[in-house]
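Here is how the chains run, residue by residue.
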Amino acid sequence: MRITEYPISVYQDFEKAVSGDDRFQKKLIDDGYPEWAAFANGILGDDEAVMWLLKNGYPEMGVLANGMDDEPAAMKWLNQHPELFYYCFCQATKNDKKAISWLEQSNYTAFVILAKSIRKAMRRRIKRETFWYKINW
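Each value, and the rule that gives it
The residue numbers shown here count from 1 along each chain, following its written sequence. With pLDDT at 70 or above as the cut-off, local features in this predicted model cover only qualifying residues; side-chain atom pairs require 80 or more to be listed or tallied, and sums for whole chains, interfaces and linings still use all residues. Working from all heavy atoms in the structure, the side-chain values ignore hydrogens and water. Here a helix means four or more residues in a row that DSSP labels H or I, a strand means two or more in a row labelled E, and each is numbered from the N terminus. Three labels apply to residues, based on accessible area from a 1.4 Å probe with only protein chains included: buried if under 20% of the type maximum, exposed if over 50%, partly exposed otherwise in between. The arc in question is traced by the directions running from the helix axis to the C-beta atoms. As used in this structure description, the phrase polar contact means that two N or O atoms lie within 3.5 Å; if the pair is within protein, one of them must be able to donate a hydrogen and the other to accept it, and residues adjacent in sequence are counted only when both atoms belong to side chains.

In this structure, what is going on with the environment of Gly32? I would like to understand it.
You can see Gly32 is positioned in the loop between α2 (22–30) and α3 (34–43). The spatial distance from the C-alpha of Gly32 to the C-alpha of Gly42 is 18 Å, given a sequence separation of 10 residues.

It is not clear to me how helix α8 (residues 97–105) should be interpreted in this structure. Could you clarify?
Note that an α-helix has 3.6 residues per turn; residues three or four places apart therefore point the same way. When we look at burial in α8, the residues that qualify are Ala99, Ile100 and Leu103. Seen end-on, α8 carries its buried residues on one side only, within an arc spanning 100°. Exposed side chains of α8 directed beyond 90 degrees from the buried face belong to Lys97, Lys98 and Gln105. The opening residue of α8 is Asp96, an N-cap whose side-chain oxygen sits 2.9 Å from the backbone nitrogen of Lys98.

What's the story with unusual backbone geometry in this structure? I'm lost.
Residues apart from glycine generally show negative phi values, whereas peptide bonds are mostly found in trans. Even without a glycine there, the phi angle at Asp70 is positive, about 65°. With respect to the helices and strands, Asp70 occurs in the loop between α5 (59–68) and α6 (72–80). A positive phi angle, close to 65°, is found at Asn107, a residue other than glycine. One can find Asn107 in the loop between α8 and α9 (109–130).

This is how it looks when you write it as structure tokens:
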């Protein structure tokens, strides 16, 4: 199934999972959408989740997760993919205005919303990884 053809409830559950709510990770798996749970984990920095996507028939999701992390080979693959959607979705997570506009004009409004959620999750991840030395009193 193409990433754009899932029920809206999957996108809603993914949005909560990528925000860090583990209950929705489990829900996605229990509902038969482990690829979306793995995609959320991949975006949050889990390399094993990305490898699972690549090995289990979800290469676009695996490459998207890597592209959102600015991995050069992933960005090249996304840029050369025959469907412009993948590159634009990736770029929308980086607040690229042209990509966001393309998604909106192409009736992928749900993915504009997901891109915003992913961007927030990535910022939290970067902050957590960058400020590892923070002392908790």
